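Residue-level structure breakdown
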There are 2 protein chains.
Amino acid sequence: MHDRMVGSDWQRARLGKIFKNLKGVDVIYIRNTQVQDPNFLYLTGFTSGLFEGTKLIATRKKTWLITSPLEYETALAQRPEGMKVIQYGGGAKSEKMLVSRLIRGKRVGANLSFLPFTYLKSIKEEFGARGVVDISNAMLGARLIKDESEIGKIRKAVKVTKRAMIEIQKYFKEGITELELAARFDFIQMSLGASGPSFKTIVCFGKNAAFPHHSPDNTRLKRGQFVLIDAGAVVDGYCSDITRTFMFKGASERQKEMFEVVKEAQLRAIAEMAPDKDGNQIYKNAKDFIDNAKGGKYMGRFIHSLGHSLGIEVHDGARLGGERTILASGMVMTVEPGIYVNGFGGVRIEDDVLITRRGIEIL
Amino acid sequence: MHDRMVGSDWQRARLGKIFKNLKGVDVIYIRNTQVQDPNFLYLTGFTSGLFEGTKLIATRKKTWLITSPLEYETALAQRPEGMKVIQYGGGAKSEKMLVSRLIRGKRVGANLSFLPFTYLKSIKEEFGARGVVDISNAMLGARLIKDESEIGKIRKAVKVTKRAMIEIQKYFKEGITELELAARFDFIQMSLGASGPSFKTIVCFGKNAAFPHHSPDNTRLKRGQFVLIDAGAVVDGYCSDITRTFMFKGASERQKEMFEVVKEAQLRAIAEMAPDKDGNQIYKNAKDFIDNAKGGKYMGRFIHSLGHSLGIEVHDGARLGGERTILASGMVMTVEPGIYVNGFGGVRIEDDVLITRRGIEIL
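This report concerns the structure included in the present document. (Residues numbered from 1 in each chain as written. Chains lettered and ligands numbered in written order. Predicted model: local features only at pLDDT ≥ 70, side-chain atom pairs only at ≥ 80, totals over all residues. Heavy atoms only, no water.)

1. As for the overall build of chain A
Scanning chain A from terminus to terminus reveals 10 helices and 19 strands. The C-alpha radius of gyration computed for chain A amounts to 23 Å, which stays within 12% of the reference 21 Å derived for 363 residues, consistent with globular compactness. For the C-alpha atoms alone, the extent of chain A along its principal axes is close to 70 × 40 × 40 Å. Taking all 363 residues of chain A together, the buried fraction comes to 59%. In chain A, of all internal contacts separated by at least 6 residues, the share reaching a separation of at least 24 is 66%. Counting only carbon and sulfur atoms, one obtains 50% of the accessible surface of chain A, whose full area is about 14700 Å². The centroid of the 55 positive side-chain charges in chain A is displaced by 3 Å from the centroid of its 41 negative side-chain charges. (Helix = DSSP H or I, 4+ residues; strand = E, 2+ residues; numbered from the N terminus. Rg over C-alpha atoms; globule rule 2.2 N^0.38 Å. Buried < 20%, exposed > 50% of the residue type's maximum accessible area, 1.4 Å probe, protein only. Contact = heavy atoms within 4.5 Å. Areas by Shrake-Rupley, 256 points an atom, 1.4 Å probe, with all protein chains shown as cover. Lys, Arg positive; Asp, Glu negative; His and termini not counted. Charge placed at Lys NZ, Arg CZ, Asp CG, Glu CD.)

2. Description of the interface of chain A and chain B
Listed per partner, the contact involves 36 residues of chain A and 36 residues of chain B. Of the roughly 3500 Å² buried where chain A meets chain B, counting both sides, 61% is carbon and sulfur surface. When the buried area of chain A at its contact with chain B is split by residue, Leu 70, Phe 187 and His 213 of chain A rank highest and sum to 19% of it. Along the contact surface separating chain A from chain B lie 0 salt bridges. In this assembly, chain A and chain B are joined by 17 residue pairs in polar contact (both at pLDDT 80 or more). Of all the secondary structure elements, the ones that give two or more residues to the side of chain A that touches chain B are α3 (69–78), α5 (117–125) and α8 (178–191) of chain A. When its residues are assigned to classes, the side of chain A that touches chain B shows 15 nonpolar, 13 polar and 8 charged. (Buried area = accessible area lost by both parts, 1.4 Å probe. Salt bridge = Lys/Arg side-chain N within 4 Å of Asp/Glu carboxyl O. Polar contact = N/O pair within 3.5 Å; in protein donor to acceptor, adjacent residues only side chain to side chain. Nonpolar A, V, L, I, M, F, W, Y, C, P; charged D, E, K, R; others polar.)

3. Some points on the packing of aromatic side chains
For the coordinates displayed, the defined rule picks out 16 aromatic pairs over all chains. On the basis of an interplanar angle of 40° and a centroid distance of 5.7 Å, the ring pair of Phe 40 of chain A and Phe 51 of chain A is categorised as tilted. One end of the pair, Phe 40 of chain A, is in helix α2 (residues 38–44); the other, Phe 51 of chain A, is in the loop between α2 and β2 (55–58), with 11 residues separating them in the sequence. This pair shows no difference in class: Phe 40 of chain A is buried, exactly as Phe 51 of chain A is. An angle of 75° between the planes, with centres 5.1 Å apart, marks the rings of Phe 172 of chain B and Phe 246 of chain B as edge-to-face. (Phe/Tyr/Trp six-rings, centres within 6.5 Å; stacked < 30°, edge-to-face > 60°.)

4. Section: the state of the cysteines
Residue and element names in this part refer to chain A. Across all of its chains, the model carries 0 disulfides over all chains by this definition. As a non-bridged cysteine, Cys 204 has Cys 239 as the owner of its nearest cysteine sulfur, 20 Å distant. In this structure Cys 204 comes out as buried when scored by relative accessible area, which is 1%. (Disulfide = S-S within 2.5 Å.)

5. Details of the pairing of strand β2 (residues 55–58) of chain B
For a regular strand, side-chain orientation follows a simple rule: the groups alternate between the two sheet faces. All names here are of chain B. Of the two faces of β2, the one carrying Lys 55 and Ile 57 and the one carrying Leu 56 and Ala 58 are both buried. By the bridge criterion, 4 bridges tie β2 to strand β3 (residues 63–67) in an arrangement that is antiparallel. From the neighbouring strand, Ile 57 faces β3, where its bridge partner is Trp 64. The antiparallel hairpin formed by β2 and β3 contains 4 residues in its connecting segment. (Pairing = 2+ DSSP bridges.)

Shown next, in the form of structure tokens:
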């Protein structure tokens, strides 16, 4: 359940951060579809319930939740102080009335990187807003710097996944399938307190590890193969994201070499991280390192970015590589270099790093 | 992996169904965000890979996939005949070139119930389309009537969940928590061949069963309590959705009565289902039945619709209740009446029903 100790101060602080980045917005309007807008969790803290189609309306200081009778009680039980929970009764009409009352004539901020066009249209046409402003960047910007409560939740999620990475090794045996191992991994994480995986668990044996986004299938484990597991847990709505690459029953020289190059690249990258550093430069350095390692043997084999911000979403608003990202205290970034060789396999090693005032902490 | 037996005929047939419902659309443009547009699976059949940000462009007869180097191989390995897979190389610019070449000057159909406004804007401004038409209803309409291959996949998913509902009863014991039971349920489903749960498994003990969308927590099971499990599996990208309500170690008269009223409501509803019947009427009849059962004791306690279409999504485009839905052969609908009593508990029973030419089949 929701962490009530912090009262509603956390919510006001978050609204303050968001509104600071906005001009000419009277109210924020968050609208879930069948999927929850990640900003919904950011402003409610709700960890129970689905809240499909639920609307959250917020000013700098106050929030209203307009939800179906189906989840009214669930909302009441978790609401932060100062949030008003309203249930709509008789279908779409009365819901329209409730929403209109709060946003008619107002300049409304909405998350246009999430909100489907259909619902965007209804803000003006159905609810009578005076105008709509995109708040997606303001929301992501606020979420990029985590507060203590958020860091605590990510810490818990990371702990679950790291522990599961140890436990899972008991189940490595010849003939087990990737799917069986993925199922076991998810089960271990949930037994350790996760509400679920933060994304579909990736398990790759042998040459399947050459595909960074391989979905586990019925491939069976053989001696001498890579076992690459990329997985995360959700705890209180926050994500972890960790990758480990194991060598099952004996590693070849080539496997060891790949592992060592990636491990070295990761350690170097982490050593460069600190407030005010540019994440894109750290990515470029890691890529250079891998491209030039072992006489250029792995040139062009590191085929994705070095990492990404982590939080309510697994990809939470910023990247290491491909864009300028100035690191700042309170950011949580994954660091995950890899080498992929088609027909042979791949190695990726990923940890979650908190940027602190003094430097970094590996979670 | 993808079912190759049907070649690309299934894909052409689906495109045919979609374009039949569209006017003035030259090409369809499906664009995944961090989430996959459900229509992406409908037109690719891909069951492996994430395909974040991947674009699918289709005419009546041809499809192009524009994807990152990260998933190029994964796409190639699964593509239906006649699909061209293109990887973009050097960042955003070259991707823009590839997409523009296919849609510049064209009238583009896009899923505006999924596509965030930001990406909608880019269709005209970045890729130079002549206009954009909403295809969300045409897509949902096509998907509402399942083909044989789709029914086969749903059948498999239902089989997994029904089997898991039997297996899970071995784990009912005093003191187990809802979260532990949910974790076990997910594990059983994956062991039976699911790639994951079709939504977050709902497990409710005792009075928690009064909340239809309760998230499992640390509540521990006691004698004489309801155990309500609402869960589904994903198999080859298709969903099941089943609810069972058990009474743990002895049922009170009140519990039995609630169970019997709901079971009777469900059987009556299923008996009414057939092609050309209106789903809303069947819902109303079920609601009347529950409202009037046992002298009106459960009046107003059935607080949601009677069911919904099932397929690639758990809520796949139509409902039983709240809107006119004329049943037709090839639809798959859940039938899930329930009774909820705050402070005491709830009963819901849900099965998945295929509408056939002759009537129905309970999957």
